[in-house]
Amino acid sequence: QIGSLGGGCMSGGGNDIQWCFSQVKGAVDDDVAEADIISTVEFNHSGELLATGDKGGRVVIFQQEQENKIQSHSRGEYNVYSTFQSHEPEFDYLKSLEIEEKINKIRWLPQKNAAQFLLSTNDKTIKLWKISERDKRPEGYNLKEEDGRYRDPTTVTTLRVPVFRPMDLMVEASPRRIFANAHTYHINSISINSDYETYLSADDLRINLWHLEITDRSFNIVDIKPANMEELTEVITAAEFHPNSCNTFVYSSSKGTIRLCDMRASALCDRHSKLFEEPEDPSNRSFFSEIISSISDVKFSHSGRYMMTRDYLSVKIWDLNMENRPVETYQVHEYLRSKLCSLYENDCIFDKFECCWNGSDSVVMTGSYNNFFRMFDRNTKRDITLEASRENNKPRTVLKPRKVCASGKRKKDEISVDSLDFNKKILHTAWHPKENIIAVATTNNLYIFQDKVN
Amino acid sequence: MEVQKEAQRIMTLSVWKMYHSRMQRGGLRLHRSLQLSLVMRSARELYLSAKVEVHEPEVSLQPARFLDPRLHSRREAEAEAEAAPLDGEQPSPEPMDTQEAPRAQEAPARGGPCPAKVSRKRRSSNLSDGGDVGLVPSKKARLEEEAASLEIPDRLQPSPAQAEGAFPNLARVLQRRFSGLLNCNPAAPPTAPPACEAKPACRPADSMLNVLVRAVVAF
């Protein structure tokens, strides 16, 4: 089934969702510092925390304010909770290569105690961070003043027991584990297993399985490196564990295929259990067909029954029980198909868009150019294009659907393909696991939208 | 000719991107390199086929042979250049892949002379008919489509290099993407890559191909 290109609102649970602007985070000015470019966005399992990673190796975590029951205009706002430098630039002396500090992915662990844990990764190293709150501190030391200076011992005449007193909330982030030196190529994905004890990390040619407690070794579970690198034809582009089956994971390739592997079958999962591939539509063949079929993201549905893949022009939903074709295909920006040559010239054809599910798996979302992002309702088959922009965005302003005019006469309020700004791309989006709250990252700003609450 | 120029432009662009990606922070990205090399090879295929078309409008196929462009591309490129003036000297005797035989049949239906030109070079379907493929010009039907006057060479002309394993669908790609290429809106040509600028400007276009091919091999 192909999603139709309509405008208008979608329905969720019988009522039409109207998306409203809620907040925008980040610098206002147009001059974007490269270090501030957002490279990943992820809600935690409860949706209370929202983490972003940027090109400068920094992680910023936002926390949702507790809802004020009286003022139920909107759900709580997200405010900065913690900021820390996750990765620093490194230098590989052996290869004379700089290792970028850019955060490629962040994945949250489910909360087990008062502290929060997340995994963040750059091209080579994965780190487990503990984020904990401190709201009391010990006071009344015998040998130290309150400011930390040591007292003259001769002035100590009495003994007292220090006590904990309340202090301003401080959120501390500390690296608890560093998983390094396991990847020759650039890490593109990390995924935490449903056993909450292990996780996988994937680079262009290999996938490794780690235990969260063990940093000095990992198991290689997929290796597609050919004996002769000249025979290389495809690379791994994304990988994810199944949300419920701890033995199952998938990985996507640059050739547009997805392989599902069962770790019970063998130690090295080079032979897939299932291969998902759609035969190419011959009428769509072009010079750049091969590179636009590369899958940039793969995400299981929350139910675990479906998975979604994103290639350059479309989003596909696959039923895990059917390998020969997707059950649904949605065109994100088909009008770009005739512009592939220009998009190759300006490198946009290599952009890696991500995609995400809503909490109930009824709607999927992905980004596009001109700061547009698209949502596809799987039930109603309606889709909508919205824009993340600071203009006309006051809190609780309902977003106006946008439309791109592919060719011919441009209607009022439509935007022609040639006036799209290809520097304004939305690669990273995230959907709150339970509510209709979405986080959309433009180049250096993070937008938060919510559905209109009456 | 336009096709040739376009293919050359894309080849140049691809090589420039390859060199540029080496200087990027974080080092060479395998996925990007692979994608660039895919486009590069497609463009080179197109360039070679268009080039051969210019000089040899009428083409018959050799029996199925395989040519690994990485290993033999330089020789092949030179062979192409040498073969240009219709003396049809036998190029390197490596076999070439001729997977796309059935596709070649479909090409005429697409209209326009160029796809037909490209597909003609890969007519290995005649092989299945048996017989003396190399000797008989079997494209009479296609010849009629051609506007240019044709000469039937006595010599055989090799198919352009086709990578085996890595890019088995290239011929199919070439047949299709033709319209894509001509329809696309090229931006202003990129500044010449440093590698190309380093070469003397007086070299003919064929040597440009050698330069680019060498770049791919070295890469």
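The model shown is predicted, which means the values in this text are computed figures rather than measured ones.

Trainee: Looking at this structure, I do not really get the overall build of chain B. What am I missing?
Mentor: Looking only at helices and strands, chain B features ten helices and one strand. In chain B, the succession of helices and strands from N to C terminus is α-α-β-α-α-α-α-α-α-α-α. For chain B, the proportion of contacts with a sequence separation of at least 24, taken over those separated by at least 6, is 83%. Total accessible area computed for chain B in this model is approximately 9600 Å², and 54% of it derives from carbon and sulfur atoms.

Trainee: Honestly, the pattern of salt bridges in this entry has me stumped. Any pointers?
Mentor: Where charged atoms of side chains with opposite charge meet at close range, the side chains can pair. Residue and element names in this part refer to chain A. The tally for this structure, following the rule as stated, stands at 36 salt bridges over all chains. A salt bridge links glutamate 278 to lysine 316; the shortest N-O distance between them is 2.8 Å. Taken together, the residues span a long stretch of sequence, with glutamate 278 in the loop between strand 21 (274-276) and helix 1 (289-292) and lysine 316 in strand 24 (residues 314-319) at a distance of 38 residues. Given the relative accessible area of 16%, lysine 316 is considered buried.

Trainee: Just to check I follow, could you spell out the packing of aromatic side chains for this structure?
Mentor: Aromatic ring pairs: the centre-centre distance and the angle between the two ring planes describe each pair. All names here are of chain A. Within this structure, the stated rule accounts for 21 aromatic pairs over all chains. Consider the rings of phenylalanine 287 and phenylalanine 288, whose centres lie 5.0 Å apart with planes at 85°: the pair is edge-to-face. On the basis of relative accessible area, phenylalanine 287 is assigned to the buried category, the value being 4%. For phenylalanine 288, a relative accessible area of 3% puts it in the buried group. With 5.0 Å between their ring centres and 25° between their planes, tyrosine 330 and phenylalanine 376 make a pair best called stacked. Here tyrosine 330 is found in strand 25 (residues 328-331), whereas its partner phenylalanine 376 is found in strand 28 (residues 372-377), with 46 residues between them in sequence. There is no split in this pair, since tyrosine 330 and phenylalanine 376 are both buried.

Trainee: Explanation requested: the environment of Ser37(B) in the structure shown.
Mentor: Of note, Ser37(B) is situated in helix 2 (residues 30-55). Only 2.8 Å separates the side chain of Ser37(B) from the backbone oxygen of Leu34(B), close enough to count as a polar contact.

Trainee: Looking at this model, I keep getting lost on the environment of Asn44(A). Mind explaining?
Mentor: All names here are of chain A. Its location among the elements puts asparagine 44 in the loop between strand 4 (38-43) and strand 5 (49-54). When its relative accessible area of 5% is taken as the criterion, asparagine 44 is described as buried. Distance from asparagine 44 to proline 401, taken between C-alpha atoms, is 28 Å for residues 357 residues apart in sequence. Ignoring anything within four residues of it in the chain, the contact list for asparagine 44 reads Leu49, Trp108, Gln116 and Pro433. Within the local environment of asparagine 44, its side chain forms a polar contact with the backbone nitrogen of glycine 47, the two atoms lying 2.8 Å apart.

Trainee: Can you help me understand the sheet that holds strand 23 (residues 306-310) of chain A in this one?
Mentor: Strand pairing in a sheet relies on backbone hydrogen bonds, with the paired strands running either antiparallel or parallel. Residues and elements named next belong to chain A. A sheet is described by the order of its strands in space; here four strands give the open sequence 22-23-24-25, paired in antiparallel fashion. Two strands close off the open sheet at either side, each with one partner strand: strand 22 (297-300) and strand 25. Strand after strand, the sheet turns through a mean of 15° between neighbouring axes, direction not considered. Bridge count for strand 23 against strand 24 is five bridges, and the pairing is antiparallel. Bridging from a neighbouring strand, methionine 307 pairs with tryptophan 318 of strand 24.

Trainee: It is not clear to me how the sheet that holds strand 33 (residues 437-441) of chain A should be interpreted in this structure. Could you clarify?
Mentor: Residue and element names in this part refer to chain A. Judged by pairing direction, the sheet is antiparallel, and its four strands sit side by side in the order 3-34-33-32 without closing on themselves. Every other strand in the sheet has two partners, leaving strand 3 (19-25) and strand 32 (428-431) as the edge strands with one partner each. Across the sheet, the mean angle from the axis of one strand to that of its neighbour is 20°, orientation sign disregarded. Pairing geometry for strand 3 and strand 34 (residues 446-451), over six bridges, is antiparallel. By the bridge assignment for strand 34, cysteine 20 is matched with glutamine 450.

Trainee: Is there a simple way to explain the nonpolar core in this structure?
Mentor: Note on soluble globular proteins: their nonpolar side chains tend to be buried together. In this structure, Phe288(A), Tyr312(A), Leu336(A), Tyr344(A) and Ile349(A) are the most contacted members of the largest nonpolar core, which totals 40 residues. Looking at this core, the elements with two or more residues in it are helix 1 and helix 2 (340-345) of chain A together with helix 1 (2-22) and helix 2 of chain B. Tallying contributions element by element places helix 2 of chain B first for this core, with nine residues. Every residue in contact with Leu336(A), bar those within four places of it in the chain, is listed here: Tyr312(A), Leu313(A), Leu343(A), Tyr369(A), Val417(A) and Phe422(A).

Trainee: I keep staring at the side chain of Asn370(A) and nothing clicks. Help me out?
Mentor: Looking at the secondary structure, you find Asn370(A) in the loop between strand 27 (363-367) and strand 28. The contact partners of Asn370(A), leaving out residues within four places of it in the chain, are Glu387(A), Ile415(A), Ser419(A), Leu420(A), Asp421(A) and Lys424(A).

Trainee: Sorry, what's going on with the packing of helix 1 of chain B against helix 2 of chain B here?
Mentor: The relative placement of two packed helices comes down to the angle between their axes together with the axis-to-axis distance. Residue and element names in this part refer to chain B. Closest axis-to-axis distance for the helix 1/helix 2 pair is 8 Å, and the angle between their directions is 150°. Taken as axis vectors, helix 1 and helix 2 run roughly antiparallel relative to one another. Where helix 1 crosses over helix 2, the two elements pack in a sense that is left-handed. Within the contact between the two elements, helix 1 uses Val3, Gln4, Ala7, Gln8, Ile10, Met11, Ser14, Val15, Lys17 and Met18 and helix 2 uses Leu36, Ser37, Val39, Met40, Ala43, Arg44, Leu46, Tyr47, Ala50, Lys51 and Val54.

Trainee: Can you walk me through helix 1 of chain B in this structure?
Mentor: An α-helix turns once every 3.6 residues. As a result, residues three or four positions apart point the same way. Here helix 1 of chain B contains 21 residues, and its C-alpha end-to-end distance of 30 Å stays within 8% of the 30 Å for a straight helix at 1.5 Å per residue. Burial analysis of helix 1 of chain B places 15 of its 21 residues in the buried class, the great majority of the element.

Calculation criteria
- Residues numbered from 1 in each chain as written.
- Chains lettered and ligands numbered in written order.
- Predicted model: local features only at pLDDT ≥ 70, side-chain atom pairs only at ≥ 80, totals over all residues.
- Heavy atoms only, no water.
- Helix = DSSP H or I, 4+ residues; strand = E, 2+ residues; numbered from the N terminus.
- Contact = heavy atoms within 4.5 Å.
- Areas by Shrake-Rupley, 256 points an atom, 1.4 Å probe, with all protein chains shown as cover.
- Salt bridge = Lys/Arg side-chain N within 4 Å of Asp/Glu carboxyl O.
- Buried < 20%, exposed > 50% of the residue type's maximum accessible area, 1.4 Å probe, protein only.
- Phe/Tyr/Trp six-rings, centres within 6.5 Å; stacked < 30°, edge-to-face > 60°.
- Polar contact = N/O pair within 3.5 Å; in protein donor to acceptor, adjacent residues only side chain to side chain.
- Pairing = 2+ DSSP bridges.
- Axes fitted to C-alpha atoms, helices over the stretch in contact; angles between N-to-C directions.
- Core = buried A, V, L, I, M, F, W, Y, C linked by side-chain atoms within 4.5 Å.
- Parallel < 35°, antiparallel > 145°, perpendicular 65-115°, else oblique.
- Left-handed = near helix turned anticlockwise from the far one by under 90°.
- Expected span 1.5 Å × (residues − 1).

That's the geometry; what it means functionally is another story.
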